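# Breakdown of the fold
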Amino acid sequence: MASLAQRGTEFDAMPLALTGAIALPPGNSPVPWVVVLHGRHAGCHFRPDTTSQWPCVPEPRFDLGFAYLAQGLAEAGYGVIIPNLNAAFSETYGANADNRNELADQRSGQIIDAHLSRLAQADRGDDPGFGISLTGRVDLGRLAMVGHSMGGGAAALNALHRLNVDSAASLQAKIADGLGPIAALVLVGPTRSYPIAQRPDAYQLPDVPTVVIAGGCDRDIFDLSSLYYVETARQQPRNSPVLGILLPGANHHYFNAAVAADDYYRQPNNGPLCDPQRSRDRLSRVAQENFLAQYTTAFLQTVWSTPEEDKPLFEAGLAAQQAAPAKMFGQSVLTTLVAPSAQRYTAFHAREAPVATLTGGLSAGFCQALAACERSPRPYPHFPDLLTLEWNTIPQQLQVPLENPNASTFSSLELRLAPDPSWSVPQGQPVFAVVLRDQQGNAARVEILSTVPALRSFEADPTHGHTAPLYPSSLRIPLGQFSGVDLTAVTSVEIVFDQVAEGKLQLASIEFVGRGDFRS
């Protein structure tokens with residue numbers, strides 16, 4: 001029995017038995033390892049409405065709820081360790097409603113580090129109690145983390161802490177002890193359970209390739225605040241990409257096989273999308289498990305490959321030079337890609353609307369992130385900043401002048417947008433167009449069809465109104481489609497509304513993105 005050190009409570013320690021699960025591919029050579037972290041779910045250790053106990057019997061094993069993921073990753077050639085984090089989330093030994101999140105941060109980091117230190121010992125030939133020989137089987141220089149819910153928040157926080165290294169010698173020592181940097185993150189409905197307005201710092205990401213997956217029917221992280229990790233990444237200098245994936249029909253609990261309840265019923269306010277009895281989009285537990293296992297494998301294979309290996313970035317949703325995917329591994333998705341800082345140029349942001357020129361029949365209203373705006377209430381998530389564009393006659397246009405006219409160093413033009421819930425997007429036709437103009441007066445026009453994923457509309461719930469997600473996703477246009485314009489001398493980007501007589505769009509940003517490969 002070990003113990004966890006604690007600060008900020010009268011209990012300076014709590015007992016801990018290090019338990020969990022391991023999966024290992026066959027062979028004798030070192031392999032990369034993936035740490036899978038489960039979330040905080042109800043059990044004898046965590047009873048918010050009554051008295052919790054620790055240790056407790058029967059203890060729920062939420063670590064085993066990711067056995068399916070461990071099996072899939074092991075079959076793909078990765079070692080997997082799944083620490084039991086129940087002690088971190090136990091509302092005992094001084095933890096209460098006021099401080100349980102802070103203590104979870106402290107405890108989870110210690111449990112993760114303890115397991116990885118033992119993994120390093122096992123690789124050296126010691127027997128730390130795993131029950132199998134791991135001598136020479138651990139590539140400590142290639143560690144990744146997958147975290148769900150509070151486990152996702154713990155993964156991001158632990159990966160941030162591991163970047164605090166002051167010398168090359170210190171780095172090598174930490175790697176040898178299992179405390180080296182994390183190479184990649186897959187965060188599924190991640191949270192540290194702090195409100196964004198109170199603790200925006202709790203949504204920071206390390207500069208490593210990261211994907212954040214959120215479910216449109218998540219009624220645990222019902223405000224979709226998990227996706228705020230993507231927004232903070234967009235505001236910081238980065239050398240690695242971050243991808244946000246919204247799975248419209250996914251809930252929170254079905255990613256963990258040990259959590260039985262469908263969390264949709266905690267707040268059943270979006271029947272057309274989320275009610276399993278009537279929705280065509282709602283995903284089953286098996287579908288969510290398959291998606292996570294398949295996507296995680298593809299993502300890690302991409303991160304740990306080189307450009308010469310020709311592992312396609314598109315399969316993992318990381319190809320800035322291609323249109324945003326409508327489906328991934330058989331499931332409909334809405335994605336937003338934060339390319340490395342050197343590979344993107346922001347031409348327009350919603351809060352900078354005055355730099356744009358609008359024709360007289362096009363109205364624009366600014367909606368600040370995390371603040372009240374004309375829509376009351378605003379559908380979740382309450383970010384990012386949005387510019388509401390509305391027209392009732394055509395033609396209309398928004399024109400954005402460019403300060404840096406050379407677009408030839410990029411591969412795509414990306415607009416982050418979403419149709420307003422009140423607008424029924426006409427189907428089967430172009431909805432608007434995007435135009436580039438150059439210094440010689442040439443113009444190139446690309447018409448945007450209603451079928452692009454960013455223009456997906458969600459049916460209103462007749463009982464609760466527009467409660468489906470309103471999340472601007474990527475509309476990415478490869479620059480090769482703008483033929484006849486000089487990309488080295490582009491002077492403006494225009495959104496032209498001359499196809500549909502009336503409409504209403506939410507626009508977050510316009511960026512040039514590409515080219516380059518974060519793996520090089």
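Look up a bit, the structure's there.
Here the structure is a predicted model, which is why all the values come from computation and not from measurement.

Rules of the game
- Residues numbered from 1 in each chain as written.
- Predicted model: local features only at pLDDT ≥ 70, side-chain atom pairs only at ≥ 80, totals over all residues.
- Heavy atoms only, no water.
- Helix = DSSP H or I, 4+ residues; strand = E, 2+ residues; numbered from the N terminus.
- Rg over C-alpha atoms; globule rule 2.2 N^0.38 Å.
- Buried < 20%, exposed > 50% of the residue type's maximum accessible area, 1.4 Å probe, protein only.
- Contact = heavy atoms within 4.5 Å.
- Areas by Shrake-Rupley, 256 points an atom, 1.4 Å probe, with all protein chains shown as cover.
- Lys, Arg positive; Asp, Glu negative; His and termini not counted.
- Charge placed at Lys NZ, Arg CZ, Asp CG, Glu CD.
- Pairing = 2+ DSSP bridges.
- Phe/Tyr/Trp six-rings, centres within 6.5 Å; stacked < 30°, edge-to-face > 60°.
- Lys NZ or Arg CZ within 6 Å of the ring centre and 35° of its normal.
- Right-handed = clockwise from strand over helix to strand, strands pointing away.
- Axes fitted to C-alpha atoms, helices over the stretch in contact; angles between N-to-C directions.
- Left-handed = near helix turned anticlockwise from the far one by under 90°.
- Nonpolar A, V, L, I, M, F, W, Y, C, P; charged D, E, K, R; others polar.

## Quick notes on the overall build of the protein
- For the protein, the helix and strand inventory stands at eight helices and 23 strands.
- On C-alpha atoms alone, the protein measures out to a radius of gyration of 24 Å, which is about the 24 Å that the 2.2 N^0.38 rule sets for 520 residues.
- Here the protein holds 520 residues, and the buried ones make up 58% of them.
- Contacts in the protein between residues far apart in sequence, at least 24 positions, make up 77% of those at least 6 positions apart.
- Surface exposure of the protein reaches about 20100 Å², of which carbon and sulfur atoms provide 49%.
- Positive and negative charge centroids in the protein, built from 36 and 49 side chains respectively, lie 2 Å apart.

## Brief notes about the environment of Gly153
- Within the secondary structure, Gly153 sits in helix α4 (residues 150-161).
- Spatially, the C-alpha atom of Gly153 lies 19 Å from that of Val338, the residues being 185 residues apart in sequence.
- Beyond its immediate chain neighbours, meaning those up to four positions away, Gly153 contacts Pro190, Thr191, Arg192 and Tyr229.

## Looking at the sheet that holds strand β20 (residues 443-449)
- With antiparallel pairing, the five strands of this open sheet are ordered in space as β14-β17-β22-β19-β20. Bordering the open sheet on either side are β14 (357-358) and β20, each of which pairs with just one other strand.
- Of the strand pairs in this sheet, strand β19 (residues 430-438) and strand β22 (residues 490-497) are connected by six bridges, and their pairing is antiparallel. The residue bridging Ala433 from the neighbouring strand is Val496, located in β22.

## Topic: the packing of aromatic side chains
- Per the stated rule, a full pass over the model turns up 16 aromatic pairs.
- When the ring of Trp391 is compared with that of Phe497, the centres are 4.1 Å apart and the planes differ by 25°; the resulting orientation is stacked. Highlighted residues: Trp391 in strand β16 (residues 386-391) and Phe497 in strand β22, separated in sequence by 106 residues. Like Phe497, Trp391 is buried.
- One residue, Arg142, lies across the ring of Trp304, its end atom 5.9 Å from the ring centre.

## As for the pairing of strand β5 (residues 79-83)
- By the criterion of burial, β5 is predominantly enclosed, with five of the five residues buried.
- With four bridges connecting them, strand β3 (residues 20-23) and β5 associate as antiparallel partners. Counted as the bridge partner of Ile22 is Ile81 from β5.
- Across three bridges, the pairing between strand β4 (residues 31-37) and β5 is parallel. When the sheet's bridge partners are listed, Val35 is paired in β5 with Ile81.
- For the segment spanning β4, helix α1 (residues 67-75) and β5, crossover handedness is right-handed.

## A short note on the packing of α1 against helix α8 (residues 285-303)
- Across the interface, α1 lies against α8 with an axial gap of 9 Å and an inter-helix angle of 35°. Crossing of α1 over α8 shows right-handed handedness. Of the residues in α8, those touching α1 at Tyr68, Leu69, Gly72 and Leu73 are Glu289, Leu292, Ala293, Thr296, Thr297 and Leu300.
- When its residues are assigned to classes, the contact of α1 with α8 shows six nonpolar, three polar and one charged.

## Side note on unusual backbone geometry
- For the bond running from Trp54 to Pro55, omega is -10°, close enough to zero to count as cis.
- Take Pro55: it is sitting in the loop between β4 and α1.
- The omega angle of the peptide bond from Phe383 to Pro384 is 0°, so this bond is cis rather than trans.
- Secondary-structure assignment places Pro384 in the loop between β15 (362-367) and β16.
- Of note, Leu224 is a non-glycine position whose phi angle comes to about 55°, a positive value.
- Mapping Leu224 onto the fold places it in the loop between β8 (210-215) and α6 (228-234).
- Positive phi, normally seen in glycine, also occurs at Phe329, with a value near 50°.
- Tracing the chain through its elements places Phe329 in the loop between β10 (327-328) and β11 (331-332).

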